[in-house]
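Understanding the architecture of this molecule
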Amino acid sequence: MFKLKILGSLQYFLGLEVAKSSKGIILAQRKYALSLLEDTGFLGCKPSYLPMDPNLKLNMLSGDFLPYPSMYRRLLGHLMYLTISRPNIVTFTVNKLSQYMQHPRIPHLDDVHRLLQYIKGTPGHGLHFLASNSFNLSTYADADWGGCLDTRRSTSGSCVFLGDALISWK
């Protein structure tokens with residue numbers, strides 16, 4: 001047997017901000033996002049409203065190599081942690097940019113910078129779980145056959161909703 005001490009309602013845990021109301025619960029990482037922007041010098045940048053150009057086709061051969069690839073890898077590590085509450089950036093952008101971690105090039109870093117500009121415009125975005133949620137299970141999937149220019153492999157993604165709440169994504 002052990003003792004349990006209640007310290008009050010959960011508000012902040014491991015970088016996740018939890019906001020409760022009668023309408024539901026919101027999980028966000030606003031503080032972490034703003035800290036990331038400050039550390040990278042993007043706190044004062046012009047915001048972007050798209051995480052990545054949808055027509056952009058990255059590959060591993062275009063552009064010059066980055067002189068310090070560890071900076072690119074560190075930024076992507078921070079962005080991967082931010083995706084806990086931001087599935088809008090994990091589903092495509094961070095996944096795509098992670099494919100070039102071994103030998104990153106300047107165009108890849110430019111897209112990381114654009115993603116940071118997007119985060120600047122949307123620092124408080126997160127997951128919303130409504131209190132008046134229905135129990136309808138919906139699944140959506142998308143595929144880009146042969147979409148990778150380097151390997152000609154297909155790219156696919158999916159998301160699962162329980163009512164209006166996103167519960168799983170890939």
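Structure: see above.
Okay, so let's go over this structure. Just so it is clear, the model here is predicted, and its values are computed rather than measured.

So, about the overall build of the protein chain. Within the protein chain, the secondary structure is distributed over four helices and seven strands. Walking the protein chain from its N terminus toward its C terminus, one meets helices and strands in the order β-β-β-α-α-α-α-β-β-β-β. When the backbone C-alpha atoms are referred to their principal axes, the protein chain occupies close to 55 × 40 × 35 Å. The long-range fraction of contacts in the protein chain, counting pairs at least 24 apart against all pairs at least 6 apart in sequence, stands at 68%. For the protein chain, the computed accessible surface area is about 11000 Å², with 60% contributed by carbon and sulfur atoms. Taking the average place of the 18 positive charges on the side chains of the protein chain and the average place of its 11 negative ones, the gap between the two points comes to 8 Å.

Ranked by size, the top nonpolar core spans 24 residues in total, and within it Y72, L79, V112, L116 and I119 carry the most contacts. Residue assignment for this core shows that the elements contributing at least two residues are α1 (30-40), α2 (69-82), α3 (87-98) and α4 (106-121). If you tally residues by element for this core, the top one is α4, at six residues. When residues no more than four places from it in sequence are discounted, the contact partners of L79 are L36, I89, V94, V112, L115, L116 and I119.

Under the criterion given, the structure shown has two aromatic pairs. Between Y140 and F161 the ring centres are 6.0 Å apart and the planes differ by 75 degrees, which places this aromatic pair in the edge-to-face class. With Y140 in strand β5 (residues 137-144) and F161 in strand β6 (residues 155-162), this residue pair connects regions lying 21 residues apart in the sequence. Cation over ring: K31 sits above Y12, and NZ or CZ is 5.1 Å from the ring centre. Directly above the aromatic system of F65 lies the positively charged group of R105, at a separation of 3.9 Å from the ring centroid.

Moving on to unusual backbone geometry. The backbone phi angle of L14 is positive, close to 50 degrees, even though this residue is not glycine. Locating L14 in the fold gives a position in the loop between β1 (12-13) and β2 (16-21). The exposure class of L14 is exposed, given its relative accessible area of 60%.

Of the voids in this model, the second largest pocket is the one considered here, and its volume is about 210 Å³. Along the wall of the second largest pocket there are 14 residues; nearest its centre are P87, N88, G126, L127 and L166. Within the residue set of the lining of the second largest pocket, elements represented by two or more residues are α3, β4 (126-130) and β7 (165-169). Here the residues of the lining of the second largest pocket sort into six nonpolar, six polar and two charged.

Right, let's get into the environment of Y68. By secondary structure assignment, the location of Y68 is in the loop between α1 and α2. Classification of Y68 as exposed rests on a relative accessible area of 62%.

Quick look at the pairing of β6 now. Note: β5 against β6, eight bridges, orientation antiparallel. Within the sheet, the bridge partner assigned to L137 lies in β6 and is L162. Strand direction decides the pairing type here: β6 and β7, joined by four bridges, are antiparallel. Note on β7: the bridge partner recorded for L162 is A165. Counting the residues between successive antiparallel strands, the hairpin from β6 to β7 contains two residues, one of them, G163, with a positive phi of roughly 70 degrees.

Rules and cut-offs
Residues numbered from 1 in each chain as written. Predicted model: local features only at pLDDT ≥ 70, side-chain atom pairs only at ≥ 80, totals over all residues. Heavy atoms only, no water. Helix = DSSP H or I, 4+ residues; strand = E, 2+ residues; numbered from the N terminus. Contact = heavy atoms within 4.5 Å. Areas by Shrake-Rupley, 256 points an atom, 1.4 Å probe, with all protein chains shown as cover. Lys, Arg positive; Asp, Glu negative; His and termini not counted. Charge placed at Lys NZ, Arg CZ, Asp CG, Glu CD. Core = buried A, V, L, I, M, F, W, Y, C linked by side-chain atoms within 4.5 Å. Buried < 20%, exposed > 50% of the residue type's maximum accessible area, 1.4 Å probe, protein only. Phe/Tyr/Trp six-rings, centres within 6.5 Å; stacked < 30°, edge-to-face > 60°. Lys NZ or Arg CZ within 6 Å of the ring centre and 35° of its normal. 1 Å grid on protein atoms, 1.4 Å probe; cavity = no way out; pocket = protein on both sides within 12 Å on 5 of 7 lines; lining within 4 Å. Points joined across faces, edges and corners; volume = space filled by probe spheres on them. Nonpolar A, V, L, I, M, F, W, Y, C, P; charged D, E, K, R; others polar. Pairing = 2+ DSSP bridges.

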